[in-house]
Amino acid sequence: MAGKGAEGHPRSASAGAAVGAAEAPWRGRRLHLVGVGGAGLSAYARAAHALGADVTGSDASDTVYARALAQDGVLEPSIGHGADNVPAGDDVELIYSSAVPEDNVERRAARERGLRERPRAELLAELTALRSTIAVAGTHGKTTTASMLVAALQGAGLDPGWLVGGSVGPGQPNARWGPGEWLVVEADESDRSMLCLQTEIAVLTNVEHDHHATFASLAALREAFAAFLANARDAIVVWDRPELLALARDAKATVAPYDLAGVELAAGGSTFPWRDVVVRLQVPGAHNALDAVAALEAARLAGADPGAAAGAVAGFRGAARRFERLGESAGCAVVYDDYAHHPTEVAATLAGARTLGPTRLVAVFQPHLFSRTAMLARELGRALAAADVAVVVDVYAAREREADHPGVSGLLVAEAAADAAGGRPVYWLPTLDDAERVLGGLLRAGDVCVVMGAGDVEELGHRLVSR
C-alpha cells in the first residue's frame, strides 16, 4: 500500500500540501442541505462546516441530530420545509437526502431559481477525495464497526476524521473532520451512494437482501457490493465466507479475510484472541466481537499498532442506538435502545441481551418501511419470538406512503411472532402511547427491555426511563 499508513509510510509533505489545496475551495461555498436532521446528512454538514463552507439546512422534523448541529454551532436547522428556507443568492448549492423526494418544495424552489441541485452522494464523494478513506459497508454492523474503527485509530494516535450514521461513543458526534490522514466513512447501500466513494480500504461485514425498493434481488445487491469492493485502491477487509470472498474476486486491491475464533461470551461483553493480542469487549454478543475483528483488521492496515488498537476497542462502550443503555423504568427494568430493523439484526441483538441474564427479556419492535415489512414479516416475527415477551408497534413509514401498501401494518409482524412464540405473550400496540401505557405496568425488576427499530421508537425508550 505505497504511500499509505498500512506499511508505516505516511503521506509525503507534497501530498499533504495537495490535500490542503483541495480543501481551500470549500471556504466560502454556500451549501443548503435538505434533510439535514438525518444521521447521514448531518454528518456531512459537520464536515463541510469544518472545511469552511457556509452551511444551512432544513428537515421535516426536529431530531437529535438537528438539535446537536444547533448546539455545536454548525447551523440552526429550519424545522419544516418551505421555499423560504433556501438562502438568497445564485451561488447556493442544494444538497438533498435520499429520503427527500423530487417534488419537495425546497428542491422545486432551487430548480426554479436555477441553483445546483445535487444528491448527498456527490457531496460524500467530494469529502472522501480529500482524505485517505476507510469505507465500512455491509447489511449489518456498519455503524458499530465504523465506530470501533474510530476508537482503534484514536487509541493508536492516528487522530482520524469520521462520517458515521450515529454517535461513535458517549459524548462524541456522528462526524468530525480530524487532522489525521484517515477518514472513516459508513458506506450506505440503500441508495447506492457507496459506489460514489473514493476508497483506500474497503470493509465488508456481510450481505443479506435488504432495501427491497432499491435492489430487486439478492443477486443485484451482490453486484453492487462487488462494484464497491472493486473501487478500493489498496486493501479489502472482508468476512471470511466464500460468498463474500467471491465478491472481491475481480478487485485489484489486496484482500484481507477476517473471522472470529475462540470467543468467550460473558454478561455484557466478550473475550477473544486476535493477532497475538487478547481483546476484551464491554459490549455484548458474538456479533459485536466479529465487528471488532473487522475494525481491528482495518486499523492494522491503516498503520495502527495492534496492541494500542485492541486496547482502545476494549474501552468501546457502544455507538448511539446500538444496544445503548438508556436507564431504568419506573418498575426497575433496565431499558436498552437498538437500531435493529432486519431479522438478522433483531436476532443478534436479543441473543446479546440474553447474556445479561435477565429474569425476562422484553422485546419492543417497530417495523421500518411498509415494503420491508411486507417482505420480511414472517422472519421478523420468528426473530422476536426469542424474547420472553414481545411488543410490536406499527410501521414507521419514513419515505413511504401507507396508501401505496394496502394491508401492510405492524400487525403482520405481531401475528408472525405469536405463531412462533410457543404461547409466550405477544402484544400488538399500534402507537407509542399504547406501548408506553402497557409497558409502564408490565416491566419490573430483573427485566431487560430492548426497544428496537430504525424509526422514532427510541422516543418510547426514553419515555420509559423518564417515568
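How each quantity is defined
Residues numbered from 1 in each chain as written. Predicted model: local features only at pLDDT ≥ 70, side-chain atom pairs only at ≥ 80, totals over all residues. Heavy atoms only, no water. Helix = DSSP H or I, 4+ residues; strand = E, 2+ residues; numbered from the N terminus. Rg over C-alpha atoms; globule rule 2.2 N^0.38 Å. Buried < 20%, exposed > 50% of the residue type's maximum accessible area, 1.4 Å probe, protein only. Contact = heavy atoms within 4.5 Å. Polar contact = N/O pair within 3.5 Å; in protein donor to acceptor, adjacent residues only side chain to side chain. Pairing = 2+ DSSP bridges. Axes fitted to C-alpha atoms, helices over the stretch in contact; angles between N-to-C directions. Expected span 1.5 Å × (residues − 1). Parallel < 35°, antiparallel > 145°, perpendicular 65-115°, else oblique. Left-handed = near helix turned anticlockwise from the far one by under 90°. Nonpolar A, V, L, I, M, F, W, Y, C, P; charged D, E, K, R; others polar. Disulfide = S-S within 2.5 Å. Salt bridge = Lys/Arg side-chain N within 4 Å of Asp/Glu carboxyl O.

*Asks:* Honestly, the overall build of the chain in this entry has me stumped. Any pointers?
*Replies:* The helix and strand tally for the chain stands at 15 helices and 21 strands. The C-alpha radius of gyration of the chain comes to 22 Å, within 12% of the 23 Å expected for a compact globule of 467 residues. Summarising its shape, the C-alpha atoms of the chain cover approximately 65 × 60 × 40 Å along the three principal directions. Looking at the chain residue by residue over its 467 residues, the buried ones come to 56%. Put simply, of all contacts in the chain between residues at least 6 apart along the chain, 66% involve residues at least 24 apart.

*Asks:* Even after reading the chapter, I still don't get the side chain of Asp-188, so can you show me in this structure?
*Replies:* As for its placement among the helices and strands, Asp-188 is situated in the loop between β9 (182-186) and β10 (201-204). Within the structure, Asp-188 has its side chain in polar contact with the side chain of Arg-120 (distance 2.7 Å). Residues in contact with Asp-188, not counting those within four places in the same chain, are Arg-120, Ser-193 and Met-194.

*Asks:* Help me understand the sheet that holds strand β15 (residues 277-281), please; the structure alone is not making it clear to me.
*Replies:* To summarise the sheet geometry, strands pair through backbone hydrogen bonds and adopt either a parallel or an antiparallel arrangement. Taking strand neighbours across the sheet as the criterion, the three strands line up as β13-β14-β15 in an open arrangement whose pairing is antiparallel. Where the open sheet ends on each side, the last strands, each with one partner, are β13 (264-266) and β15. Neighbour-to-neighbour, the strand axes of this sheet turn through a mean angle of 20°, independent of strand direction. Bridging between strand β14 (residues 269-274) and β15 involves five bridges; their strand directions are antiparallel. Of the residues in β15, the one forming a bridge with Ser-270 is Leu-281.

*Asks:* Explain the sheet that holds strand β7 (residues 161-163) here, please?
*Replies:* Pairing in this open sheet of seven strands is mixed, and the strands run β8-β7-β9-β6-β10-β11-β12 from one edge to the other. Because the sheet does not close on itself, it has two edges, and the strands there are β8 (175-176) and β12 (254-258). Relative to β10, strand β6 (residues 132-137) runs parallel, the two sharing four bridges. The residue bridging Ala-135 from the neighbouring strand is Ala-202, located in β10. Across the sheet, helix α5 (residues 120-128) is in contact with β6, β7 and β9; its angle to β9 comes to roughly 155°.

*Asks:* Where do I start with the pairing of strand β16 (residues 324-328) in this structure?
*Replies:* Strand residues, when the strand is regular, have side chains that alternate between the two faces of the sheet. Here β16 pairs with strand β17 (residues 334-338) via four bridges, running antiparallel. Opposite Glu-328, over in β17, you have Val-334 as the bridge partner. Turn length for the β16-β17 hairpin, with the two strands adjacent in sequence and antiparallel, is five residues, and the turn residue Cys-332 shows positive phi of about 75°.

*Asks:* Looking at this model, I keep getting lost on helix α11 (residues 343-354). Mind explaining?
*Replies:* The terminal C-alpha atoms of α11, which comprises twelve residues, lie 17 Å apart, in line with the 16 Å expected from a rise of 1.5 Å per residue. Within the span of α11, buried status applies to Pro-343, Glu-345, Val-346, Ala-348, Thr-349, Leu-350, Gly-352 and Ala-353. Tucked inside the fold, the buried residues of α11 contact α9 (286-301), β17, β18 (360-365), α12 (370-384) and β21 (447-452).

*Asks:* Hey, could you run me through unusual backbone geometry in this one?
*Replies:* With the exception of glycine, the majority of residues adopt a negative phi angle, and the majority of peptide bonds are in the trans configuration. Positive phi is not limited to glycine here, since Arg-275 has a value of about 45°. Tracing the sequence through the fold places Arg-275 in the loop between β14 and β15. In this structure Arg-275 comes out as partly exposed when scored by relative accessible area, which is 47%. Phi at Cys-332 takes a positive value of approximately 75°, unusual for a residue other than glycine. Looking at where Cys-332 falls in the secondary structure, it is placed in the loop between β16 and β17. Owing to a relative accessible area of 43%, Cys-332 belongs among the partly exposed residues under this scheme.

*Asks:* Teacher, can you tell me more about the packing of helix α2 (residues 39-50) against α5 here?
*Replies:* Between two packed helices, the angle of one axis relative to the other and the distance separating the axes together describe the packing. α5 packs onto α2 with a crossing angle of 40° between their chain directions and a minimal axis gap of 11 Å. Overall, the two elements α2 and α5 adopt an arrangement that is oblique. Crossing angle aside, the handedness with which α2 passes α5 is left-handed. Contacts between α2 and α5 involve Gly-40, Leu-41, Tyr-44 and Ala-47 from the first element and Arg-120, Leu-123, Leu-124 and Leu-127 from the second. Looking at the contact of α2 with α5 residue by residue, the class counts come to six nonpolar, one polar and one charged.

*Asks:* I'm lost on the state of the cysteines in this one. Help?
*Replies:* Covalently bonding the sulfur atom of one cysteine to the sulfur atom of another cysteine gives a disulfide. Applying the stated rule across the entire model yields zero disulfides. You can see Cys-332 has no disulfide; the closest cysteine sulfur is in Cys-449, sitting 14 Å from it.

*Asks:* Is there a simple way to explain the packing of α9 against helix α10 (residues 306-314) in this structure?
*Replies:* It is the contact of α9 with α10, at a shortest axis distance of 10 Å, that shows an interaxial angle of 145°. α9 and α10 meet at a crossing whose hand is right-handed. Contacts between α9 and α10 involve Ala-292, Leu-296 and Ala-299 from the former and Ala-309, Ala-310 and Val-313 from the latter. Considered class by class, the residues forming the contact of α9 with α10 number six nonpolar, no polar and no charged.

*Asks:* Even after reading the chapter, I still don't get the pairing of β10, so can you show me in this structure?
*Replies:* Residues of β10 alternate between two faces, with Ile-201 and Val-203 on one and Ala-202 and Leu-204 on the opposite face, all of them buried. When β10 meets strand β11 (residues 235-239), the two strands line up parallel, connected through four bridges. Within the sheet, the bridge partner assigned to Ala-202 lies in β11 and is Ile-236.

*Asks:* So what exactly am I meant to see when it comes to the pattern of salt bridges here?
*Replies:* Side chains that carry opposite charge are capable of pairing whenever their charged atoms lie near each other. This structure, assessed with the given rule, holds 27 salt bridges. The residue Asp-72 makes a salt bridge to Arg-46 at a minimum N-O spacing of 2.8 Å. Linking Asp-72 in the loop between α3 (64-71) and β3 (78-79) with Arg-46 in helix α2, this pair joins segments that are 26 residues apart in sequence. Overall, Arg-46 belongs to the buried group, its relative accessible area being 12%. Among the salt bridges present, the one from Arg-118 reaches Glu-126, with a minimum N-O distance of 2.7 Å. Accessibility expressed as a relative area gives 24% for Glu-126, which makes it partly exposed. Residues joined in a network through salt bridges with shared partners are Arg-29, Glu-93, Arg-116, Arg-118, Glu-122 and Glu-126.

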